[in-house]
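# Secondary and tertiary structure notes
Below are the chains, spelled out letter by letter.
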Amino acid sequence: MSDTANLAAKMDIDEAEIDEGLYSRQLYVLGHEAMKKMAASNVLIVGLNGLGAEIAKNVCLAGVKSVTLYDPEPVTLQDLSSQYLLREEDIGKPRAAATLPRLSELNAYVPVRNLGGRSGQEISVDMIQPFQVVVLCGASYEKQLEINDWTHANGVHFISAEARGLFGSVFNDFGPKFTCVDTTGEQALTGMIVSVDKDKEGLVTCLDETRHGLEDGDFVTFTEVQGMEELNGCKPRKISVKGPYTFTIGDTSDFGDYTRGGIFHQVKMPKIIEFASKSLRESLKSPEFFITDFAKFDRPATLHAGFQALSRFKKQHQRLPRARNPDDAAAFVSLAKKIDADADEKVLTELAYQATGDLSPIIAVIGGFVAQEALKACSAKFHPMVQHMFFDSLESLPSTLPTEEDCKPIGSRYDGQIAVFGKEFQEKIAGHRQFLVGAGAIGCEMLKNWSMMGLATGPDGKIHVTDLDTIEKSNLNRQFLFRPKDLGKFKSEVAAAAVSEMNPALEGHILCKQEPVGQSTENVFDDDFFGALDGVTNALDNVAARQYMDQRCILYEKPLLESGTMGTKGNVQVVIPHLTESYSSSQDPPEKQTLSCTVKNFPNAITHTIEWARQEFDAMFVKPIESVNQYLSEPNYLENSLKYSGQQRELVEQIVSYLVSNRPLTFEECIVWARLQFEEKFNNAIRQLLHSLPKDHLTSTGQPFWSGPKRAPDPLAFNSSDPAHLAFIVAAANLHAFNYGLRGETDPSAFKKVADSIIVPEFMPKSGVKIQINENDTVERATSDSDDLNDLVKKLPPPSSLAGFRLTPVEFEKDDDTNHHIDFITAASNLRALNYKIPVADRHATKQIAGKIIPAIATTTALVVGLVCLELYKIIDGKRKLEEYKNGFVNLALPFFGFSEPIAAIKNKFGNTEWTLWDRIEFNNDPTLKEFIQWFRSTHALDVTMVSQGVSMLWSSFTDRKKSAERLPMKFSKLVEHVSKRPIPPHTKHLLVEVMLMDEEGEDVEV
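First, a word on what this report is: a plain description of the structure on this page.

### Some points on the overall build of the chain
A count of helical and extended segments in the chain gives 32 helices and 31 strands. Scaling as 2.2 N^0.38, a compact globule of 1007 residues should have a C-alpha radius of gyration of about 30 Å, and the chain matches this with 33 Å. If you line up the chain on its principal axes, its C-alpha atoms span 100 × 85 × 65 Å. Buried positions account for 54% of the 1007 residues belonging to the chain. In the chain, of all internal contacts separated by at least 6 residues, the share reaching a separation of at least 24 is 72%.

Given below as structure tokens:
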């Protein structure tokens, strides 16, 4: 039996440990409790067309107990339009059986089974009984009703879904009463309070540094309240918001008098969601709609009738309406009108026209959504959708609609797409040329959709994909093109190979690179490269790279598709040249920074101690090591550093310590060093702080200094039997050993023995040490006379005596559980938290904050990429109206969909000339500076006051006469080389020049 099979068998029986390495990013979305519930849930997915496969993929990646498939029907060529787990050689095989092997590869912890059956045999009630969640894909309404009648009566969670062309439908029934333990997934709020009134409606006032963020109906409890101690650990009390800093908590009149302090903690209360006790049978008569697009408020009612009518049409005719066939459409509309006489005939006609359509982007949207609903059913985490959802993207249709003839099947894997867009548009898709920047989670999903769409499969089609990253274990949970055997390989290469296998027509049409995008690679991604593109799609994880690509798209006038996810939230932005604003036109507000004095001396939250520990990590294992190496390798390093640095003594003391006085020769000496570091950071430093600012210290106004956000600390006495204390010693000693190339150790007894034998020097606090209390206070640096400094320098060995000797700085890596990095930060942060009586955080929570990890889950990524590809259809069509495009925001936890038109590019004006960020003034034939200046004068009556290129000032009105005379006759290319003192790189075919201009009245003019 293989390891995978053993693992699957074990998971099938027992509740196993959650693999934090694999599920790391998803755990930050769902949490351990929700994932444990999921690991006890068996999910049945019926119907393994494209939609069923997408749902199964997302559920498998998420990590349920088991996934069972049912679809005995034979694979057809049209299935390949969207079912990316099938290949041409699978045609004729039962769908579920053919899908299972590739689905099983996605997650070794999730066994995948085939329920069997024979062609023509539909799922029946007796087959669904062992499952906690049943998902039906593309089933008739008769079959949905039969199955749902049983699931509703027997407490089994039921979801049905279908995707038809640019339309999708979902129905949920989680039983008459479904308990949701956390409706939003947002982190519970907490904050400091400064007063609580003794009253029938006790008013709580919070510290005015930050708003409390609570809403009416939230529940809170309290800790650390002095005086009104009845509130500490009280049962959750329902609040009523009175203002941004105040809320009431009910009757406090019988409590003690509030004196000071206290922290409120929001408590997430379970919510019982009543699906109005509606089964599908009842809900068909009086449906409750979940709105996906408020601009289409009336559409759900029409589609509610439409999807039922499709089921009736199929029963009557043993097929769906033919693509763009007016007779079938008329018969279908007639059926739908019998269900709802007010249904929109135009929308119904389109539904009939597209009923045989099978589009990967729509399947990604519906499949991502349904998979998240299935996970909600398993985990009770997040609010389920109530109760019918209908989605469409009719705006994605070509401006010139295809004819019936153009939409007829041609015996191609793209027939499902041709049924909606036509053969002519399919050729446009095949000839498209896209640049995908990033091959991570979004990039994998994007390539999967593009391969199913047949993007760039024509003779002139090309997909360029670049990503400098290699594959890590934590990627496997949502970057589904990668497998454990791919660890360490380049993402772009593995992803390209995987989708070329899905659709062999992509062979030779995907070009991979491993270069980052940025100024350093403009010789790779040059004018010719961008000139040969039709558009750019970002799949990036940082703002700087996004902004850079935005600038390049503006320069080369290319459409840009931008998207991102964070947990269950996702967004899509479309950037169209000369139509919309750009990505950089609007920005999120900057993250609130913690004051340095708070981190250094006055932490009051675990985030402060984690930030402090992350800084200590660099200060102990990175920066001093780099300084030592610079001293050993750079001539005159010390001389230059002492000349320009304001921290001369600290720098020299650091190098002396790491190179001479504390340089270890054995691992035991690393343990000694770590033990002394513990004493310094968690005992001596705290004693010094309390010596300078005693616990009874008063402010200038007579108030206690240690109050409100300032928590008085206590020093820690080292105890080798305390796991938290020993964890610091183990991690610090191993990291110190790594710096010196010494072999580490993890046996606790070895550390205990050495740590207990150390005689720690007696510490005496110093008087007159100034403590930084406010951000604006100057930080007192140790001063020393030159003699002291010279004595220190004399202790350093000359670099020549250590030729070739170097230390190894630690490179912070959050995802390696064996390297002691997160272990050190967790231990150091928690010890400091103990100093300040702050609740500690476990390793998992610490890792997210220290590593700045963005929570991620496959469901959101799949859905967002589906929305991106629906916009890509529009770009391929060349749509030029703002209202035809849609920016989107989703939150699958709530759930919520929001769509809006992109914002138009802002129009500016000088004189009679209107311009936007997309406009530029182009000069050909390399003019001279004089000609350049004269052109503005004669064409726009504007005077040039300054000309710059990059960081080089080429000319200004205050340039002296001699330099002006020299530069004015120069051609621009020579001028740039002359001023920058660097040749223009051979790949550069244009120069971006910025100018400052002034009109005849002497006013500055922006162009």
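### Let's talk about the packing of helix H19 (residues 606-621) against helix H27 (residues 821-835)
At a minimum axis separation of 8 Å, H19 and H27 run at an interaxial angle of 125°. Classified by the angle between their axes, H19 and H27 sit oblique to one another. The chirality of how H19 crosses H27 is right-handed. From H19, Ile-606, Thr-609, Ile-610, Trp-612, Ala-613, Arg-614, Glu-616, Phe-617, Met-620 and Phe-621 reach across to H27, where they touch His-821, Phe-824, Ile-825, Ala-828, Ser-829, Asn-830, Arg-832 and Ala-833.

### Regarding the sheet that holds strand E6 (residues 167-173)
Strand pairing within a sheet occurs via backbone hydrogen bonds; the two strands may be parallel or antiparallel. Reading across the sheet, the eight strands line up as E3-E2-E1-E4-E5-E6-E17-E16 and stay open at both edges, with mixed pairing between neighbours. Each of the sheet's edge strands pairs with one partner strand only, and the pair in question is strand E3 (112-114) and strand E16 (289-290). In the sheet, strand E5 (residues 157-164) pairs with E6 via seven bridges, with the strands oriented antiparallel. Residue pairing for E6: Ile-159 is matched across the bridge by Asn-172.

### Let's talk about helix H29 (residues 858-877)
Compared with an ideal rise of 1.5 Å per residue, which puts 20 residues at 28 Å, H29 spans 29 Å between its outermost C-alpha atoms and is within 8% of the ideal. With respect to burial, H29 is a largely interior element, 20 of its 20 residues being buried. Backbone geometry just after H29 places Gly-878 at a positive phi near 80°.

### Description of the pairing of strand E10 (residues 219-223)
Across two bridges, the pairing between E10 and strand E11 (residues 237-238) is antiparallel. Looking at the pairing, Val-220 lines up with Arg-237 of E11. Examined bridge by bridge, E10 and strand E14 (residues 263-267) share five bridges and lie antiparallel to one another. Residue pairing across strands places Thr-221 opposite His-265, the latter belonging to E14.

### Looking at the environment of Pro-287
Locating Pro-287 in the fold gives a position in the loop between helix H7 (280-285) and E16. Distance from Pro-287 to His-304, taken between C-alpha atoms, is 8.4 Å for residues 17 residues apart in sequence.

### Re a nonpolar patch on the surface
Together, Phe-294, Phe-297, Phe-889, Leu-894 and Phe-896 make up an exposed nonpolar region whose accessible area comes to about 490 Å². The residue Phe-896 is located in strand E25 (residues 896-900) in this model.

### Topic: the side chain of Ser-829
Mapping Ser-829 onto the fold places it in helix H27. With residues near it in sequence (within four places) discarded, Ser-829 still touches Ile-606, Thr-609, Ile-610 and Ala-613.

### Description of the sheet that holds strand E20 (residues 510-513)
Here eight strands make up an open sheet; going across it, the order is E20-E19-E18-E21-E22-E23-E24-E25 and the pairing mixed. Each edge of the sheet is formed by a strand with only one pairing partner; in this case those strands are E20 and E25. The average undirected angle you get between the axes of adjacent strands in this sheet is 10°.

### A word on the pairing of strand E1 (residues 42-46)
Burial within E1 is extensive, with five of its five residues counted as buried. Alternating positions in E1 separate into two faces, Asn-42, Leu-44 and Val-46 on one and Val-43 and Ile-45 on the other, with burial throughout. The pairing of E1 with strand E2 (residues 66-70) spans five bridges and is parallel. Note on E2: the bridge partner recorded for Asn-42 is Ser-66. Of the pairings in the sheet, the one linking E1 to strand E4 (residues 133-137) comprises four bridges and is parallel in character. By the bridge assignment, Ile-45 is partnered in E4 with Val-135.

Cut-offs and rules
Residues numbered from 1 in each chain as written. Predicted model: local features only at pLDDT ≥ 70, side-chain atom pairs only at ≥ 80, totals over all residues. Heavy atoms only, no water. Helix = DSSP H or I, 4+ residues; strand = E, 2+ residues; numbered from the N terminus. Rg over C-alpha atoms; globule rule 2.2 N^0.38 Å. Buried < 20%, exposed > 50% of the residue type's maximum accessible area, 1.4 Å probe, protein only. Contact = heavy atoms within 4.5 Å. Axes fitted to C-alpha atoms, helices over the stretch in contact; angles between N-to-C directions. Parallel < 35°, antiparallel > 145°, perpendicular 65-115°, else oblique. Left-handed = near helix turned anticlockwise from the far one by under 90°. Pairing = 2+ DSSP bridges. Expected span 1.5 Å × (residues − 1). Patch = residues over 30% accessible without salt bridge, like charges linked within 9 Å, V, L, I, M, F, W, Y side chains within 5 Å. Areas by Shrake-Rupley, 256 points an atom, 1.4 Å probe, with all protein chains shown as cover. Salt bridge = Lys/Arg side-chain N within 4 Å of Asp/Glu carboxyl O.

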